[in-house]
Every structure is written in C-alpha cells, then in structure tokens.
Amino acid sequence: MPPSRPQPSDGDPAGAAALVLTSARLADGRIVDVRLNGGRIEAVGTAGSLDGGAPMDMACARVDLGGYLLMPAPVETHAHADTALSADGPPPRYTVEDVRRRATEAVLVHLGHGVTAVRSHVRVGDGFGSARLEALLLARRSLRGLCDLTTVAVPRLLTGAAGAEGLAALRDAMAMGADAVGGCPDLDPDPAAYAEAVLGLASEYGRPVDLHTDGKDPAHLIRLAAMARGLRTGVSVGPCAGLALLPPEAAARAAEALAAAGVGVTCLPQGGCGDATIRACAPVRLLRAAGVRLAAGGGALRDASNPVGRGDPLEAAYLLASQCGLRPAEALAAVGSAGRAALGLPEVRVEAGFPAELLAVRGHSLAAVLSQAYSRIVVHRGRVVARTSAVREYCDSDSEAGAALPRQGRPG
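All figures in this text were calculated on a predicted structure; none of them were measured in a lab.

What counts, and where the lines are drawn
Residues numbered from 1 in each chain as written. Predicted model: local features only at pLDDT ≥ 70, side-chain atom pairs only at ≥ 80, totals over all residues. Heavy atoms only, no water. Pairing = 2+ DSSP bridges. Helix = DSSP H or I, 4+ residues; strand = E, 2+ residues; numbered from the N terminus. Axes fitted to C-alpha atoms, helices over the stretch in contact; angles between N-to-C directions. Buried < 20%, exposed > 50% of the residue type's maximum accessible area, 1.4 Å probe, protein only. Polar contact = N/O pair within 3.5 Å; in protein donor to acceptor, adjacent residues only side chain to side chain. Contact = heavy atoms within 4.5 Å. Disulfide = S-S within 2.5 Å. Phe/Tyr/Trp six-rings, centres within 6.5 Å; stacked < 30°, edge-to-face > 60°. Lys NZ or Arg CZ within 6 Å of the ring centre and 35° of its normal. Core = buried A, V, L, I, M, F, W, Y, C linked by side-chain atoms within 4.5 Å. Parallel < 35°, antiparallel > 145°, perpendicular 65-115°, else oblique. Left-handed = near helix turned anticlockwise from the far one by under 90°. Nonpolar A, V, L, I, M, F, W, Y, C, P; charged D, E, K, R; others polar. Right-handed = clockwise from strand over helix to strand, strands pointing away.

*Asks:* When you look at the sheet that holds strand β13 (residues 294-296) in this model, what are you seeing that I'm missing?
*Replies:* Pairing between the strands of a sheet comes from backbone hydrogen bonds, and it takes one of two forms, parallel or antiparallel. If you trace the 8 strands from one edge of the open sheet to the other, you get β6-β7-β8-β9-β10-β11-β12-β13, paired in parallel fashion. Both edges of this open sheet fall to β6 (76-79) and β13, since each of them pairs with a single strand only. Pairs of neighbouring strands in the sheet enclose a mean axial angle of 25 degrees, with direction left out of account. Note: strand β12 (residues 263-267) against β13, 3 bridges, orientation parallel. Each bridged residue has a counterpart across the sheet, and for Thr-266 the counterpart in β13 is Ala-295.

*Asks:* I would appreciate a short explanation of unusual backbone geometry in the present structure.
*Replies:* A cis amide bond links Gly-238 with the next residue in sequence, Pro-239, at an omega value of 5 degrees. Tracing the backbone shows Pro-239 in strand β11 (residues 235-239). Look at Arg-302: it is not a glycine, yet its phi comes out positive at around 55 degrees. Relative to the helices and strands, Arg-302 resides in the loop between β13 and α8 (313-322). Despite not being glycine, Arg-381 has its phi angle at roughly 55 degrees, a positive value. Positionally, Arg-381 belongs in the loop between β15 (376-380) and β16 (383-388).

*Asks:* Help me understand the side chain of His-380, please; the structure alone is not making it clear to me.
*Replies:* Within the secondary structure layout, His-380 lies in strand β15. You can call His-380 buried: its relative accessible area is 0%. Side chain to side chain, His-380 and Glu-357 meet in a polar contact 2.7 Å long. Once you skip the residues sitting within four places of it in the chain, His-380 turns out to touch Thr-116, Gly-145, Leu-146, Cys-147, Asp-148, Ala-356, Glu-357 and Val-385.

*Asks:* Would you explain the state of the cysteines in this entry?
*Replies:* Among covalent bonds in proteins, the disulfide is the one between the sulfur atoms of two cysteines. All told, the structure shown has 0 disulfides when counted by the stated rule. We note that Cys-147 lacks a disulfide partner, and the nearest cysteine sulfur, in Cys-273, lies 19 Å from it. Not part of a disulfide, Cys-281 finds its nearest cysteine sulfur in Cys-324, a span of 4.0 Å.

*Asks:* For this particular structure, what's the right way to read the packing of aromatic side chains?
*Replies:* Within a pair of aromatic rings, the relevant descriptors are the distance that separates the centres and the angle that separates the planes. Counted under the stated rule, the structure contains 0 aromatic pairs. Between the NZ or CZ atom of Arg-102 and the centre of the ring of Tyr-94, over which it lies, the distance is 5.1 Å. Lying across the ring of Tyr-94, Arg-132 places its NZ or CZ 4.1 Å from the centre.

*Asks:* Just checking my understanding: could you explain the nonpolar core for this structure?
*Replies:* The nonpolar side chains of a soluble globular protein tend to be buried with one another. One finds Val-209, Leu-243, Val-265, Cys-267, Val-284, Leu-287 and Leu-320 to be the most contacted residues of the largest nonpolar core, which totals 83 residues. Sequence-distant contacts of Leu-243, that is, excluding residues within four places in its chain, are made with Asp-214, Gly-215, Leu-221, Ala-251, Ala-254, Pro-283 and Leu-287. With 20 residues, the next largest nonpolar core counts Leu-19, Leu-26, Leu-70 and Ala-356 among its residues.

*Asks:* Explain α8 to me, please; I cannot follow it from the model alone.
*Replies:* Each α-helix winds once per 3.6 residues, and so residues spaced three or four apart point in a common direction. Along α8, 7 of the 10 residues are buried, which leaves the element largely enclosed by surrounding structure. Buried within α8 we find Pro-313, Leu-314, Glu-315, Ala-316, Ala-317, Leu-319 and Leu-320. At the N-terminal end of α8, a side-chain oxygen is found 2.9 Å from the backbone nitrogen of Leu-314, two or three residues along, and the residue is Asp-312.

*Asks:* Any chance you could explain the packing of helix α1 (residues 96-112) against helix α2 (residues 131-142) here in plain terms?
*Replies:* Working note: a packed helix pair is described by the angle between its axes plus the distance between those axes. Taken N-terminus to C-terminus, the directions of α1 and α2 make an angle of 45 degrees; their axes are 8 Å apart at the nearest point. When the interaxial angle is binned, α1 and α2 end up oblique. Here α1 and α2 pass one another in a crossing that is right-handed. Packed against α1, whose contacting residues are Val-96, Val-99, Arg-100, Ala-103 and Thr-104, the element α2 presents Ala-131, Arg-132, Glu-134, Ala-135, Leu-136, Leu-138, Ala-139 and Ser-142 at the interface. Its residues assigned to classes, the contact of α1 with α2 shows 8 nonpolar, 2 polar and 3 charged.

*Asks:* Got a minute to help me understand the environment of Ala-321 in this structure?
*Replies:* With respect to the helices, strands and loops of the structure, Ala-321 is situated in helix α8. Among the residues examined, Ala-321 registers a relative accessible area of 24% and is labelled partly exposed. Note: C-alpha distance between Ala-321 and Ala-367 (46 residues apart in sequence) is 9.1 Å. The residues contacting Ala-321, other than those within four sequence positions of it, are Leu-326, Ala-331 and Leu-370.

*Asks:* How do you make sense of the pairing of strand β10 (residues 209-213) when you look at a structure like this?
*Replies:* Each regular strand carries side chains that alternate between the two faces of the sheet. Among the 5 residues that make up β10, 5 are buried, leaving the element largely enclosed by the rest of the structure. Burial along β10 is two-sided: Val-209, Leu-211 and Thr-213 and Asp-210 and His-212, pointing in opposite directions, are all buried. Of the strand pairs in this sheet, strand β9 (residues 180-183) and β10 are connected by 3 bridges, and their pairing is parallel. Paired with Val-181 across the two strands is Val-209, which belongs to β10. Each parallel crossover has a hand, and the one from β9 via helix α4 (residues 191-205) to β10 is right-handed. Here β10 pairs with β11 via 5 bridges, running parallel. Counted as the bridge partner of Asp-210 is Ser-236 from β11. With helix α5 (residues 218-228) bridging β10 and the parallel β11, this β-α-β connection has right-handed handedness.

*Asks:* Just to check I follow, could you spell out the packing of helix α3 (residues 163-176) against α4 for this structure?
*Replies:* At a closest axis distance of 11 Å, the pairing of α3 and α4 adopts a crossing angle of 25 degrees. Considering their axes alone, α3 and α4 lie roughly parallel with respect to each other. Like other packed secondary-structure pairs, α3 and α4 cross with a definite hand, here right-handed. Judged by residue contacts, Leu-167, Leu-170, Arg-171 and Met-174 of α3 engage Ala-197, Leu-201, Glu-204 and Tyr-205 from α4. Counted by class, the contact of α3 with α4 contains 6 nonpolar, no polar and 2 charged residues.

Below is the structure:
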C-alpha cells in the first residue's frame, strides 16, 4: 500500500479492545482483513493474514464482513436536530427536555444509516433564547461514544435595532460551547452586514462559519467570498439551490469566487430545510468543475418544513448520482471525505493509521451499495456501534420452473 499521512483525531479511546473485521471487500475490489485498536486502523492485510497478529494478552473480537463493502463512514453536514421528528402528532413542545429527546432520537436515526458525526444547526435568540442549544449540548453528552454531535448557532437578525438581540444570543451561544457560527443572511434586511458580523464573531472566537443561503443573488455570494478570504477556521454555505436557477455564466462566476476563497458548499439533494426557500439541488457539477469543495447534507428530518426524510447519507449520494450526474465515487465523497473536511474532521481511509470511522454495507461495489444499501454495520472509534440487517424472502412460484429462480444470498 502507498504510504499515508493520517491526521490526529482527538477523543479516540486509547483503551478500546482490538477488533478484526474479516473478509471485507474494498472499493478497489480487494478482499481484506482490517484490525482496529485504540480507535484507529492498526493494520490492513489480505483476507486471513491478520489471524495471529494481535498480542497474546489482547482481547480481539472478530466481525465477519464477507459480502460487505467496507468504506469510510459518512457524516451528516447539515442537520436540524432541534426541530427533527416534530412533524407527527400534536404541536411539538420546545422545552429543553423535549428537544433533547427528539434530537437524540434523530442522531440515532443518522447513526443507524452509518453516520458517525453530525453537524446540527440550532436556533438561538429571537424568542428561542438558548434553550434549544442547551438541549443539543445535553444530547451530545448522552451520545458520547456513539456519534459525535456538533452545533451551529443560528440567529435570525443581526443588523438594525432588532439585530442587537441576535448578536447577544450569538455571543452567549459561543460562551455555552456552540461549535460554529451560523445564520441566514438572506432573511436579514442587510445580508452583507449580517455576513460581516458572523465572520467577525467567528474570527474573534476561533470558530468555523456555516451559513444558510439560497445563493440566488450571485453578487451576494461573490461579496461573501471576498469577505471570507483568510478566515482560517473555514467557511461553508448552503444549500445554494438558487445557483441552479441562474444563467450558467453567472453561476460559474459565483462558483469560481467561492473556490478561490476556499468557501465550501453543502447541498441538500434530499429536499432542503426550513431556512431554505428554494427546494432544489445546487448545480453540483458546475461547482465541482470550478473547484468548490462540495459536501451534501440531509437538511430537515420530519419537521414542519419537510414531513418526511430518512436521515440517510447514502440516499443523498444516490440522488447526486441518479439525478445530478455524479459518479458513485464522487457522490459518496460528498457525504464522506468532503463532508469530513467541511466539519474539520481528519481524513479517513481504509489504511493503517487512520481513524476507525467505518461503514460496511452489503454489496459488491459502490454502485451496488447506493442502489440497495439495506444491511449495514457502523464502526465509530474502533467499535461496532450500530447494525441493521435486512432479510427479504419470497414464497415459492407456481411455475414448474420456480426452483430455478434466484434466491437472496450473500454476494460472493
């Protein structure tokens, strides 16, 4: 294997028991064994080669991944856990405990689909105060060791007389431990001043920026890109569906400005969110061609703005491939490597030394797992944290040739 330079990952459990994943298929077709230890990939070898590699005194569990494709675990770059799962039943309550309970359940939905890190936008100020953020911080604590949850504080207004409350709420959120500065410049009377305030606070507190924008005004995006230059903590915008409605030349100019400033775009192929007024997907091929880092998120999950939703990153990747023209590997990168970069997380490869954040999906190729990705095994910090097993059965055919019909079985 070529040499790799893994980045450090904070919080890995150094004392985690060793685990060997056997007979896993990689995207390049190889069948390998993978040994995990201390939250990292310790070794990768041909199938059967790691049987005796662990020290004699090390407890070494084994998981048979025959028939599964093993890949880096995806991430959720754009969730709204504070409103998730509130569409059904009576009008939702937004007490700290109610939001904490729904947010925890929502993150577990993502986890079951393979996500091991979630970034959630959360409203602050504007009558919400800090209760929703407090609830998500409590949810993060209860989810520790299962899935990493980070928060983006989202005020409504930041300019004019009404903006003073939003600025104060944003500062309070930073003091409470919000991980990123967010907001919706499109909803403010002065979008440029709003963005300037967010970028200033991000620089002051050393936090990344993640802004909602439809991107339908290319001049605003170009101005934002100019202001974001040099902000070392990173800037993402999304869902930018409005770019798809612009003339290609205007959209390309905006995309080039974003790429030059290092501003990433998070698209929402599954349907948008309450802070996005245009329900479409950003022009992903145009953005990639311009050199923009393209991530994909899930957006709303069964709330007032979208009463359905699966919280499944592989569905987002499927839509990017089937509807937007990306190749399966490119689509998976939007919920994988590009998503991790957007969240400031270290790179993951199925190679020795990298973080053990992995997803095994029953299937033999990337296209296959995007088509029917039912059975999954999720690994976070070197241990299996979720399993989903799907079995489909058919009754016998009335035809005499029924015995020759193929039956579901484990792929070879």
